[in-house]
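Working through the structure, step by step
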There are 2 protein chains.
Amino acid sequence: VERQHQAALEARLASFHPADIAFVLESLEPDARDLAWSLVRADRRGAVLLETSDNVRRALVANMAPEDIAAVVAPLDSDDIADLVSSLPEEVGQQVVARLDNADQAEVRSMLSFPEGSVGALMDMEFISVREDASLEAVQRLLRRLKTLPPHTSEIFVVDRSNRLQGLLSLSRLVLGDPETPVSAEMTRDVVFFFTDDRMRDAVDAFERYDLVSAPVVNLHDQVVGRLTVDDVVDEMRERANSEGLRQVGLSDEQDLFAPVLKSARARWPWLGINLVTAFMASRVIGAFEPIIEVLVALAALMPIVASIGGNSGNQSAALVIRGLALNQLGSHQLWRMLEKELRIAAFNGLLCGLILGIATIVLYHDLALAAVITVALVLNLLTASLIGVCAPVLLHRFGRDPVMGSSIILTATTDSMGFFYFLGLAALFLV
Amino acid sequence: VERQHQAALEARLASFHPADIAFVLESLEPDARDLAWSLVRADRRGAVLLETSDNVRRALVANMAPEDIAAVVAPLDSDDIADLVSSLPEEVGQQVVARLDNADQAEVRSMLSFPEGSVGALMDMEFISVREDASLEAVQRLLRRLKTLPPHTSEIFVVDRSNRLQGLLSLSRLVLGDPETPVSAEMTRDVVFFFTDDRMRDAVDAFERYDLVSAPVVNLHDQVVGRLTVDDVVDEMRERANSEGLRQVGLSDEQDLFAPVLKSARARWPWLGINLVTAFMASRVIGAFEPIIEVLVALAALMPIVASIGGNSGNQSAALVIRGLALNQLGSHQLWRMLEKELRIAAFNGLLCGLILGIATIVLYHDLALAAVITVALVLNLLTASLIGVCAPVLLHRFGRDPVMGSSIILTATTDSMGFFYFLGLAALFLV
């Protein structure tokens with residue numbers, strides 16, 4: 001019965017789209033996942049691997065011999081093989097590449113030589129190019145001989161005799177144009193193209209801005225070497241979007257939902273460690289004022305409010321700046337304008353929150369001077385928060401760091417310590 | 001000279017892509033923006049408006065009369081007009097629509113009737129459909145008569161006599177196939193399509209998963225009524241990605257960098273208000289233990305550490321859950337597994353951080369009992385944090401709320417209050 005079940009499941013899986021199989025595999029726990037993987041037909045495994053996340057992919061191939069992996073990936077395009085190989089442990093990757101046939105090997109190695117995050121590393125190498133003096137009819141004949149076109153072929157690249165990019169001929173112009181006219185009369189010369197070492201994130205911006213479906217990739221001699229297609233761009237956008245929330249809390253998106261506890265716990269140490277240090281520093285600020293708290297214990301109850309509202313307000317500034325940076329909207333002039341505006345908002349909202357808090361303090365503790373101190377401390381901390389909220393992401397970005405990853409830690413460390421310092425310091429000066 | 005300058009700028013702008021002009025406009029301050037807008041040629045203003053963010057768009061049309069807006073948008077496709085109109089104040093929108101010609105009016109009104117965030121509201125209505133018994137040659141003749149194809153036409157829809165979707169004929173099959181063969185022999189019958197009231201976010205998932213460039217949109221009778229293209233999907237993804245960081249801190253992405261200070265300050269009130277309330281609640285927890293703090297003032301210095309590490313650890317759990325929800329990977333079985341795992345990680349990391357903190361406490365305060373209390377309080381608070389970090393986003397999601405927007409507030413409120421409560425409560429029981 002078990003076997004009958006498996007046969008039914010196997011038949012079922014065979015009718016699924018590879019992306020759907022990948023989705024199922026990712027949702028399964030390791031044991032069930034291995035079972036399901038064994039039921040995927042060998043000739044579809046490459047396509048399925050291509051759609052899984054890096055982590056699950058590594059888990060799936062962990063038990064396979066390099067020659068089996070090579071057999072599974074062999075039917076794929078060289079750019080897809082390179083993509084898969086780059087996510088394997090280096091040694092295994094090398095062994096897999098060594099088992100491919102020679103032409104594939106050369107292409108895969110050249111793809112792997114492009115740095116991660118570059119257009120070259122993600123482009124595909126299948127494209128069709130024609131000369132501009134050919135007639136549309138000749139092009140149509142050429143295409144018919146090919147039997148199938150690479151996926152997402154919406155344009156054909158027009159090159160000169162040295163393979164240098166001259167323009168694009170869209171499939172629709174090819175269909176609509178008079179068969180007798182030369183390619184040069186129907187092609188577009190105003191082309192968006194990329195160099196192999198352009199960054200993918202810039203390519204994503206260009207695809208979004210100019211509504212592209214595919215674009216040629218050229219080397220430093222303007223020779224066409226590949227093609228970037230919108231599905232790669234969509235995958236890249238998706239990956240960036242999915243990792244943003246994780247990067248904010250110091251995690252990478254390499255997390256497998258079902259990785260062992262110890263491994264997952266360890267992934268969180270760096271961020272927790274930094275937090276432990278910053279929280280400890282804030283605690284030492286309080287420690288310096290222990291004698292005053294002993295005299296006026298209400299300070300202990302009120303001080304976390306000053307710290308907490310500062311952190312929240314600063315995170316709002318930081319979120320706006322991070323978006324501005326992502327959209328490339330912050331030149332130095334805009335930045336100063338924004339800093340000035342954030343400081344004004346902080347002063348205004350600080351005064352407002354501070355007054356509410358002051359009134360609450362009077363009601364609770366019947367102490368006017370204490371109320372004045374908390375109001376002033378809150379305004380000062382909100383000003384500090386907006387300053388750090390604007391500057392921290394900008395500086396991280398300037399120094400080539402990820403503003404999403406570091407801003408909130410820097411910000412909270414500052415607003416906690418300074419919040420306690422302003423409040424307790426003012427109290428020491430004026431209240432005791 | 002001023003005038004000469006402007007003429008030069010005007011000529012310069014005329015050579016820009018509309019998306020680039022929109023980018024320039026968004027980066028300019030209001031005065032300069034209005035000046036630059038007046039230099040954009042009237043016949044390009046519609047295309048530029050289409051590329052700007054909602055807020056800048058509203059600012060640009062604020063000074064235009066409805067008939068001028070109607071003149072500017074008239075050359076656009078009806079779906080683009082609907083997109084623009086829906087971002088205008090309702091009254092202005094109505095007046096603009098009333099000034100369009102009759103055919104456009106009907107189409108725009110039907111587009112506007114689809115709910116926001118649905119496929120219908122974002123589809124475009126320009127598509128080409130043919131019958132399956134036509135020959136490829138007949139299709140080519142039909143297309144040549146059209147002179148141009150709608151942008152991103154990579155497929156032609158195949159319909160029956162009642163306009164019901166039968167399949168897709170890709171342009172490449174049209175080019176490659178023998179002109180004599182009928183459409184039915186070259187078309188794909190296994191088609192990904194959408195209903196007008198499908199949610200855009202599901203459509204985005206499907207485009208990503210199946211690498212689509214365009215897809216037919218049908219009504220409840222399976223009749224083709226429109227087409228969804230990858231550029232709409234890319235825009236939607238971009239918008240969602242850009243708004244995520246803002247939604248986390250209670251802001252919408254309607255923020256104009258240069259909106260007046262008071263307006264921007266007010267946009268932050270709801271979130272700051274909630275934070276004021278939760279911080280105040282945490283403060284009252286401390287207030288209840290003031291007598292104990294008076295006796296042992298070290299508690300005041302140490303308590304924020306317990307609260308802060310709890311918040312951070314919980315945010316890590318929440319980020320993982322939010323990503324799992326976004327990827328549709330969390331069925332109820334996976335959810336229980338994940339909760340269990342997060343609790344284990346919290347216990348492990350809590351014990352580790354707690355021990356480090358305990359040792360620091362002994363070094364600073366030479367108090368073994370105090371060290372034991374802070375270790376236990378930290379473990380308890382990390383367990384609470386992982387419970388809330390997993391449950392808060394899931395519950396928000398179940399009740400149709402945005403987990404990105406509410407999770408961190410709920411989490412921090414809990415970890416602050418409970419962190420103080422565990423630590424001071426244990427201290428009250430065992431130390432004084």
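Everything numeric here is computed off the predicted structure, so don't read it as measured data.

Our focus in this paragraph is the overall build of chain A. A tally of regular secondary structure across chain A gives 22 helices and six strands. For chain A, the C-alpha radius of gyration of 30 Å lies well beyond 22 Å, the compact-globule estimate for 432 residues. Dimensions along the principal axes, computed over C-alpha positions, put chain A at roughly 90 × 65 × 35 Å. For chain A, the proportion of its 432 residues judged to be buried stands at 54%. Sequence separation of at least 24 residues holds for 65% of the intrachain contacts in chain A that already meet a minimum separation of 6. For chain A, the centre of its 36 positive side-chain charges and the centre of its 56 negative side-chain charges are spaced 2 Å apart.

Residues and elements named next belong to chain A. Looking at the element boundaries, Arg 57 is found in helix H5 (residues 54-61). Arg 57 gets classed as buried once you look at its relative accessible area, which sits at 3%. Polar side-chain contacts of Arg 57 include one of 3.1 Å to the backbone oxygen of Leu 49. One polar contact links the side chain of Arg 57 to the main-chain carbonyl oxygen of Thr 52, over a distance of 3.2 Å. Those residues in contact with Arg 57, other than ones at most four positions away along the chain, are Leu 49, Leu 50, Thr 52, Asp 83, Leu 84 and Ser 87.

Soluble globular proteins tend to bury their nonpolar side chains together. Ranked by size, the top nonpolar core spans 92 residues in total, and within it A:Val73, B:Val73 and B:Leu228 carry the most contacts. With residues up to four places along the chain from it excluded, the contact list for A:Val73 reads A:Ile81, A:Leu84, A:Val96 and A:Leu100. In this structure, A:Cys353, A:Tyr422, B:Ala300 and B:Ile309 belong to the second largest nonpolar core, which totals 72 residues.

Once that is clear, we can look at the environment of B:Cys391. All names here are of chain B. Its place among the elements puts Cys 391 in helix H21 (residues 368-398). On the basis of relative accessibility, which here comes to 29%, the residue Cys 391 falls in the partly exposed class. Once the C-alpha coordinates of Cys 391 and Leu 411 are considered, the two residues, 20 residues apart in sequence, prove to be 9.7 Å apart.

With that out of the way, let us pick up the domain arrangement of chain A. For chain A, the assigned domains read domain 1 (2-115), domain 2 (129-238) and domain 3 (268-430). In this structure, domain 2 of chain A and domain 3 of chain A have C-alpha centres spaced 52 Å apart.

Residues and elements named next belong to chain A. Here three strands make up an open sheet; going across it, the order is E1-E2-E3 and the pairing mixed. The open sheet has two edge strands with one neighbour each: strand E1 (129-130) and strand E3 (165-170). In terms of strand pairing, E1 meets strand E2 (residues 155-159) through two bridges, oriented parallel. By the bridge assignment for E2, Val 130 is matched with Val 158.

Let us look at the sheet that holds strand E5 (residues 214-218) of chain A. Residues and elements named next belong to chain A. One open sheet holds the three strands; their spatial order is E4-E5-E6, and the pairing between them is mixed. Because the sheet does not close on itself, it has two edges, and the strands there are strand E4 (194-195) and strand E6 (224-229). Across two bridges, E4 lies against E5 in parallel orientation. Bridging across to E5, Phe 195 finds its partner in Val 218.

Our focus in this paragraph is the pairing of strand E6 (residues 224-229) of chain B. Remark: a regular strand shows side chains that alternate across the two faces of the sheet. Residues and elements named next belong to chain B. Summarising burial for E6: five of the six residues are buried, a large majority. For strand E5 (residues 214-218) and E6, the ladder comprises five bridges, and the chain directions are antiparallel. Across the sheet, residue Ser 214 finds its bridge partner in E6, namely Thr 229.

Turning our eyes to something else, we now look at the packing of aromatic side chains. Counted according to the given criterion, the structure contains twelve aromatic pairs over all chains. Relative to A:Tyr422, the ring of A:Phe421 lies with its centre 6.4 Å away and its plane at 55°, an arrangement referred to as tilted. A relative accessible area of 42% means that A:Phe421 is categorised as partly exposed. For the pair B:Phe194 and B:Phe207, a centre-to-centre distance of 6.0 Å together with 10° between the ring planes defines the contact as stacked. Residue B:Phe194 is found in strand E4 (residues 194-195), and its partner B:Phe207 is found in helix H14 (residues 200-210); the two are separated by 13 residues along the sequence. The same class applies to B:Phe194 as to B:Phe207, namely buried. Following the ring pairs from residue to residue traces out a cluster consisting of A:Phe289, A:Phe421 and A:Tyr422. One cation-aromatic arrangement involves A:Arg45 over A:Trp37; the distance from NZ or CZ to the ring centre is 5.1 Å. Cation over ring: B:Arg209 sits above A:Phe23, and NZ or CZ is 4.4 Å from the ring centre.

Attention shifts here to helix H15 (residues 230-248) of chain B. Residues and elements named next belong to chain B. Helix length check: H15 (19 residues) gives 27 Å between terminal C-alpha atoms against 27 Å at 1.5 Å per residue, within 8%. At Asn 242, H15 shows its maximal kink, close to 25°. Of all the 19 residues making up H15, 15 are buried; the element is thus mostly covered by neighbouring parts of the structure. Of the residues one or two after H15, Gly 250 is the one with positive phi, at around 70°.

Before going further, it helps to spend a moment on the interface of chain B and chain A. Taken together, the 110 residues of chain B in the interface contact 110 residues of chain A. Surface buried jointly by chain B and chain A totals about 10,500 Å² across both partners, of which 63% is contributed by carbon and sulfur atoms. Here chain B is connected to chain A by eight salt bridges. In this structure, A:Glu208 engages B:Arg238 in a salt bridge whose closest nitrogen and oxygen atoms are separated by 3.4 Å. Where chain B packs against chain A, one counts 35 residue pairs in polar contact (both at pLDDT 80 or more). Broken down by element, the side of chain B that touches chain A gets its largest block of residues, 17 residues, from helix H19 (residues 298-326) of chain B.

All right, on to unusual backbone geometry then. Residues and elements named next belong to chain B. Phi at His 152 is positive, roughly 60°, even though this residue is not glycine. Within the secondary structure, His 152 sits in the loop between helix H11 (136-146) and strand E2 (155-159). In this model, Asn 163 sits at a positive phi of 70°, which is unusual for a non-glycine residue. The topology assignment puts Asn 163 in the loop between E2 and strand E3 (165-170).

What follows deals with the pattern of salt bridges. Under the counting rule described, the total for this entry stands at 26 salt bridges over all chains. A:Arg99 is the salt-bridge partner of A:Glu67, the closest N and O atoms lying 3.4 Å from each other. Pair noted here: A:Glu67 is in helix H6 (residues 66-73) and A:Arg99 is in the loop between helix H8 (90-98) and helix H9 (102-112), with a separation of 32 residues, a long-range link. Relative accessible area serves as the criterion here: at 44%, A:Arg99 is assigned to the partly exposed category. As a salt-bridge pair, B:Asp43 and B:Arg41 come within 3.1 Å of each other at their nearest N and O atoms. Residues participating in the shared-partner salt-bridge network are A:Asp205, A:Glu208 and B:Arg238.

With that settled, consider the relation of the copies chain B and chain A. The operation relating the two chain copies consists of a rotation about an axis and a shift along that axis. The two copies are related by a screw motion: chain B maps onto chain A through a turn of 180° and a shift of 0.0 Å along the axis, at an RMSD of 0.1 Å. Expressed as a symmetry operation, the mapping of one chain copy onto the other fits a two-fold axis. Most of the interface of chain B is mirrored in chain A: 100% of its interface residues are interface residues there too.

Procedures and definitions
- Residues numbered from 1 in each chain as written.
- Chains lettered and ligands numbered in written order.
- Predicted model: local features only at pLDDT ≥ 70, side-chain atom pairs only at ≥ 80, totals over all residues.
- Heavy atoms only, no water.
- Helix = DSSP H or I, 4+ residues; strand = E, 2+ residues; numbered from the N terminus.
- Rg over C-alpha atoms; globule rule 2.2 N^0.38 Å.
- Buried < 20%, exposed > 50% of the residue type's maximum accessible area, 1.4 Å probe, protein only.
- Contact = heavy atoms within 4.5 Å.
- Lys, Arg positive; Asp, Glu negative; His and termini not counted.
- Charge placed at Lys NZ, Arg CZ, Asp CG, Glu CD.
- Polar contact = N/O pair within 3.5 Å; in protein donor to acceptor, adjacent residues only side chain to side chain.
- Core = buried A, V, L, I, M, F, W, Y, C linked by side-chain atoms within 4.5 Å.
- Domains from an automatic or database assignment.
- Pairing = 2+ DSSP bridges.
- Phe/Tyr/Trp six-rings, centres within 6.5 Å; stacked < 30°, edge-to-face > 60°.
- Lys NZ or Arg CZ within 6 Å of the ring centre and 35° of its normal.
- Expected span 1.5 Å × (residues − 1).
- Bend = angle between axes of the 7 residues up to and from the residue.
- Buried area = accessible area lost by both parts, 1.4 Å probe.
- Salt bridge = Lys/Arg side-chain N within 4 Å of Asp/Glu carboxyl O.
- Least-squares fit on C-alpha atoms with pLDDT ≥ 70 in both.

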